[in-house]
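The primary structure of each chain is shown beneath.
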Amino acid sequence: MSVNSLKYNEIIQLLSISNTTLIAVSKTKPIEDLQEMYALGQRDFGENYVQELVDKETKLPKDIHWHFIGHLQSNKVKYIAPFVHLIHGVDSLKLLQEINKQALKNNRTIDCLLQLHIAEEETKFGLDQSEIEAIKLILPTLHNIRILGFMGMASFSENMVKVKREFIHLKNEFDLFKIWTNQNPMDATSNGISILSMGMSGDYQLAIECGSTMVRIGSLLFGARDYNK
Ligand SMILES: *Cc1c(COP(=O)(O)O)cnc(C)c1O
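A brief look at the structure comes next. If you're wondering where the values come from, they're calculated on a predicted model, not measured in any experiment. (Residues numbered from 1 in each chain as written. Predicted model: local features only at pLDDT ≥ 70, side-chain atom pairs only at ≥ 80, totals over all residues. Heavy atoms only, no water.)

With respect to the overall build of the protein chain
Looking only at helices and strands, one finds nine helices and eight strands in the protein chain. In terms of principal-axis extent, the alpha carbons of the protein chain reach across some 50 × 45 × 35 Å. Within the protein chain, the proportion of its 229 residues that are buried is 50%. For the protein chain, restricting intrachain contacts to residue pairs at least 6 apart in sequence, the fraction spanning at least 24 positions comes to 61%. Within the structure as shown, the protein chain displays about 11,000 Å² of accessible surface, and the carbon and sulfur contribution to it stands at 52%. Put simply, the protein chain has 24 plus and 27 minus side-chain charges, and the middle of one group is 3 Å from the middle of the other. (Helix = DSSP H or I, 4+ residues; strand = E, 2+ residues; numbered from the N terminus. Buried < 20%, exposed > 50% of the residue type's maximum accessible area, 1.4 Å probe, protein only. Contact = heavy atoms within 4.5 Å. Areas by Shrake-Rupley, 256 points an atom, 1.4 Å probe, with all protein chains shown as cover. Lys, Arg positive; Asp, Glu negative; His and termini not counted. Charge placed at Lys NZ, Arg CZ, Asp CG, Glu CD.)

As structure tokens, this is what we get:
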């Protein structure tokens, strides 16, 4: 067994108490590992390479919800638009417009999370305040996407005080955005802002304490990743 089923059950129990959804992050892992996880009952999987995601989607059961969690290039949206369940990493206006366009082509509505830049030290992808404001202006014209919430990645750090500060910052921005959408109803937010995607293997418990509703966990479940394969 390459999947840690004990850990899986432990995490599932904790998440059910706090009403949090688990995304099993399976990037770089072979099909067999995902099948094992599927047999345990897991249906939400997260990937961050387009080609790998498309390949896995064709080989695995159709009732899997595929989450795109990484940095997505606009010219690759078309490959995942037919089936993707939720795009977590929307980090530019241009990308959001392209997702809307490809969703329309596929005659569907694609659910998205806006990725906020929250890490204080490292440069990670994500929107800043002015970009959020620009997106707010354009949202009424986008009818084939739905913004369901926010996603963020904290600093990769042992300093849990700092990580906590970043999570709380994201939660505050999430709450403010929720209030704004209530005051400005439109297609793109009509389903309500309900998802806060934050927390990974190293910080998911802290993320839940800070209000996360969706955690993205890879190495705790599948073991460390080997990028040399
Ligand atoms: C790889 C990845 C994860 C999972 O990381 P682990 O530390 O293995 O749990 C979560 N979110 C994103 C965006 C990732 O790229």
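Some points on the packing of aromatic side chains
Applying the stated rule across the entire model yields four aromatic pairs. Centroid distance Phe45 to Trp66: 5.9 Å. Interplanar angle 40°. Geometry classified as tilted. On the criterion of sequence distance, the pair formed by Phe45 in strand 2 (residues 44-47) and Trp66 in strand 3 (residues 65-68) is long-range, its members being 21 residues apart. Like Trp66, Phe45 is buried. Ring centres of Phe177 and Trp180 lie 5.6 Å apart, and the angle between their planes is 35°; on these two criteria the pair is classed as tilted. Of this pair, Phe177 and Trp180 both sit in helix 7 (residues 160-183), three residues apart, roughly one helical turn. With respect to class, Phe177 is no different from Trp180; both count as buried. (Phe/Tyr/Trp six-rings, centres within 6.5 Å; stacked < 30°, edge-to-face > 60°.)

A word on the site of the ligand
Near the ligand lie 13 residues; those nearest to it are Lys27, Ser201, Gly218, Ser219 and Arg225. Within the side chain of Ser201, an N or O atom sits 2.5 Å from an oxygen atom of the ligand. Its atoms largely coinciding with the cavity grid, the ligand occupies the largest pocket. For the shell around the ligand, the residue count by class is six nonpolar, four polar and three charged. (Near = heavy atom within 4 Å. Polar contact = N/O pair within 3.5 Å; in protein donor to acceptor, adjacent residues only side chain to side chain. 1 Å grid on protein atoms, 1.4 Å probe; cavity = no way out; pocket = protein on both sides within 12 Å on 5 of 7 lines; lining within 4 Å. Sits in = over half its atoms within 2 Å of the grid points. Nonpolar A, V, L, I, M, F, W, Y, C, P; charged D, E, K, R; others polar.)

Focus: the pairing of strand 4 (residues 86-90)
Two faces belong to every sheet, and in a regular strand the side chains alternate between them. Most of strand 4 is tucked away, with five of its five residues classed as buried. Sheet topology note: the strand 4/strand 5 (residues 110-116) ladder contains three bridges and is parallel. If you follow Leu86 over to strand 5, its bridge partner there is Asp111. What joins strand 4 to strand 5 is helix 5 (residues 93-105), and the crossover it makes is right-handed. (Pairing = 2+ DSSP bridges. Right-handed = clockwise from strand over helix to strand, strands pointing away.)

A short note on the pattern of salt bridges
Within the structure shown, the criterion is met by eleven salt bridges. Where Glu10 meets Lys7, a salt bridge forms, and the shortest distance between an N and an O atom there is 3.2 Å. With Glu10 and Lys7 both in helix 1 (residues 5-18) and three residues apart, this pair spans about one turn of that helix. Shared partners join several salt bridges into a network, and the residues in it are Glu47, Glu52 and Lys56. (Salt bridge = Lys/Arg side-chain N within 4 Å of Asp/Glu carboxyl O.)

Remarks on the side chain of Thr181
Structurally, Thr181 can be placed in helix 7. Apart from the residues within four sequence positions on either side, Thr181 is in contact with Thr189 and Ile193.

Some remarks on helix 2 (residues 31-39)
Of the residues making up helix 2, those classed as buried are Ile31, Asp33, Leu34, Met37 and Tyr38. With its buried residues spanning 160° around the axis, helix 2 presents them on a single face. At its buried positions, helix 2 is contacted by helix 1, strand 1 (21-25), strand 2, helix 3 (50-59), strand 3 and helix 9 (219-222). Of the residues flanking the end of helix 2, it is Gly41, one or two places downstream, whose phi is positive at about 110°. (Arc of directions from axis to C-beta.)

Spatial relationships are all this shows, so hold off on functional conclusions.
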